[in-house]
Amino acid sequence: MTEKVMPLAERLAALEKLEREIVVKAQRMVPAGSNLTIIDNFILGAIKRTLSQSRAFRKLVEDWNFASAAVMVRTQLDTAMRINGISYMQDSESAIAQIFNGDVTYRKLRAAGGSKMTDAYLKEKLTEEHAWVGQLYDELSDFVHLSFRHFWPVIAGMDDENKIAYFAISAQDPKKDEANYYQVTDAFFRVTKLTGMMLVSRLMARHSPPPPQISRAEEVEGKRDDNGPSDAAT
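Note that the structure is a prediction, hence the values are computed from the model and not measured.

1. A few points about the environment of A95
The residue A95 is located in helix 4 (residues 92–100) in this model. Apart from residues lying up to four places away in sequence, A95 is in contact with M89 and L109.

2. Re unusual backbone geometry
Although it is not a glycine, W64 sits at a positive phi angle of roughly 60°. Considering the arrangement of structural elements, one finds W64 in the loop between helix 2 (38–62) and helix 3 (66–85).

3. Some thoughts on the layout of surface pockets
Approximately 180 Å³ is the volume found for the second largest pocket. Lining of the second largest pocket is provided by L18, E21, I22, K25, F189, K193, G196, M197, V200, S201 and M204. For the lining of the second largest pocket, the elements supplying multiple residues, two or more each, are helix 1 (8–29) and helix 7 (182–207). Looking at the lining of the second largest pocket, the element that brings in the most residues is helix 7, giving seven residues. Taken together, the residues that form the lining of the second largest pocket break down as six nonpolar, two polar and three charged.

4. Remarks on the pattern of salt bridges
A full pass over the atoms with the stated rule returns ten salt bridges. Residue R206 pairs with D40 through a salt bridge whose shortest N-O separation is 2.9 Å. In this pair, R206 is assigned in helix 7 and D40 in helix 2, connecting sequence segments 166 residues apart. In this structure R206 comes out as partly exposed when scored by relative accessible area, which is 32%. By relative accessible area, D40 is classed as buried at 1%. Between E93 and R206 there is a salt bridge, and its shortest N-O distance comes to 3.4 Å. Separated by 113 residues along the polypeptide, E93 in helix 4 and R206 in helix 7 bring together distant segments of the chain. One connected set of salt bridges, linked through shared partners, spans E16, E19 and R58.

5. So, the packing of aromatic side chains
To describe a pair of aromatic rings, one takes the distance between the centres and the angle between the planes. Taken as a whole and judged by the stated rule, the model has five aromatic pairs. Judged by centre distance (4.1 Å) and plane angle (5°), the ring pair of F57 and F188 falls under stacked. With F57 in helix 2 and F188 in helix 7, this residue pair connects regions lying 131 residues apart in the sequence. F188 carries the same exposure label as F57, and that label is buried. Clustering of aromatic rings is evident, with ring pairs tying together W64, F66 and Y181. Above the plane of the ring of Y182 lies R11, whose end atom (NZ or CZ) is 4.0 Å from the centre. For R82, the ring lying beneath its charged end belongs to Y106, and the centroid distance is 5.4 Å.

6. So, the nonpolar core
One finds I47, F57, V73, L77, M89, M117 and L126 to be the most contacted residues of the largest nonpolar core, which totals 53 residues. Among the elements of the structure, helix 1, helix 2, helix 3, helix 4, helix 5 (119–129), helix 6 (132–144) and helix 7 are those that each provide at least two residues to this core. Here this core gets ten residues from one element, more than from any other, and that element is helix 7. Sequence-distant contacts of L126, defined by excluding residues within four places in its chain, comprise L77, A80, M81, N84, V133, L194 and M198.

7. Some words on the packing of helix 2 against helix 4
Contact geometry for helix 2 and helix 4: axes closest at 9 Å, N-to-C directions at 60°. Considered as vectors, helix 2 and helix 4 are oriented oblique to each other. Where helix 2 crosses over helix 4, the handedness of that crossing is left-handed. Across from I38, I39, N41 and F42 in helix 2, the residues of helix 4 making contact are S92, E93, I96, A97 and F100. Grouping the constituent residues of the contact of helix 2 with helix 4 by class yields six nonpolar, two polar and one charged.

8. A short note on helix 4
Turn by turn, an α-helix covers 3.6 residues, leaving residues three or four places apart pointing in a common direction. Burial in helix 4 covers these residues: S92, A95 and I96. Projection of helix 4 onto a plane perpendicular to its axis shows the buried side chains occupying an angular sector of 95°, all on one side. Close packing links the buried residues of helix 4 with helix 2. Once helix 4 finishes, G102 follows within two positions and takes phi at roughly 80°, a positive value.

Reading the values: the criteria
- Numbering of residues begins from 1 in every chain and follows the order in which that chain's sequence is written.
- Note on the predicted model: pLDDT of at least 70 is required for a residue's local features to be given, and 80 or more for side-chain atom pairs to be given and counted; whole-chain, interface and lining totals, by contrast, use all residues.
- Side-chain measures were taken over the full set of non-hydrogen atoms in the model, leaving aside hydrogen atoms and water.
- Helix and strand definitions follow DSSP, with helices as H or I runs of at least four residues and strands as E runs of at least two, each counted in order from the N terminus.
- The contact criterion used throughout is that any non-hydrogen atoms of two residues lie within 4.5 Å.
- Both cavities and pockets are sets of points on a 1 Å grid over the protein atoms alone; in a cavity a 1.4 Å probe fits but cannot get out, in a pocket the set is open with protein on both sides within 12 Å along at least five of seven lines, and lining residues sit with an atom within 4 Å of a point.
- Grid points are joined across faces, edges and corners, and a volume is the space filled by probe spheres set on the points.
- Ten residue types, Ala, Val, Leu, Ile, Met, Phe, Trp, Tyr, Cys and Pro, are classed as nonpolar, four, Asp, Glu, Lys and Arg, as charged, and the remainder, Gly among them, as polar.
- Any Lys or Arg side-chain nitrogen located within 4 Å of an Asp or Glu carboxyl oxygen qualifies as a salt bridge.
- Working definition: with a 1.4 Å probe on protein chains only, accessible area under 20% of the residue-type maximum means buried, over 50% means exposed, and in between means partly exposed.
- Classification of ring pairs rests on two measures: the distance between centres of Phe, Tyr or Trp rings, Trp counted by its six-membered ring, which must be within 6.5 Å, and the angle between planes, read as stacked under 30 degrees, edge-to-face over 60 and tilted in between.
- The rule for a charge over a ring is simple: NZ of Lys or CZ of Arg within 6 Å of the ring centre, and within 35 degrees of the ring normal.
- Buried residues of nine kinds, namely Ala, Val, Leu, Ile, Met, Phe, Trp, Tyr and Cys, make up a nonpolar core once their side-chain atoms join them within 4.5 Å.
- Axis lines are fitted to C-alpha atoms, over the contacting stretch for helices. Their N-to-C directions set the angle, which ranges from 0 to 180 degrees.
- Reported orientations rely on four angle classes, namely roughly parallel under 35 degrees, roughly antiparallel over 145, roughly perpendicular from 65 to 115, and oblique for the rest.
- Two helices crossing with the near one rotated counterclockwise from the far one by less than a right angle form a left-handed crossing, whereas a clockwise rotation gives a right-handed crossing.
- Working definition: the arc comes from the directions between the helix axis and the C-beta atoms, pointing outward to the latter.

Okay, here's the thing in structure tokens:
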């Protein structure tokens, strides 16, 4: 039995649904009246960037612009790397404040261990937690910088018998075959899901109320209840 292939339209619809889910979950973590810090502002800005890039990716795919859509996967991954990098800062509040004030760029910050927080460092750290990130990052680098990957979309057709190649130079891909977009769309969805999860989790950690404190007397009473009825009650 042939496995049903999900059409490109359904893949993009799933991505749009994911965007809405990120917004809803973020709003739950930071309700109206919440006290926000500089890191919260950084996270909220990253959520806006994540959603904007996701919308842009969908529009690029719908417009048959593979080369630009592939670059969006890399920029989305960059967001995940920088949010993950907060965990490795010695003083995250101070570091993010320096970025906001324009005193330093992210790549010039240093981690608690002294390493510069370059793209290579951030990629390494995120790959330690999600093994698939490293290989995807390296593959996407070909789209960020001019490489052989930018040349294949201009080929409109081949005449093998006469050894003739036909080229079409335009903003859109000449071959409007949606199967060419399955892999890049799935990769973007995976990266966006990871980025959204990290952003919402960080907000949750910062704004969820602490667990209720249990007094020593309540703890002792709870242990008695766990041990079943006492002799006096039987």
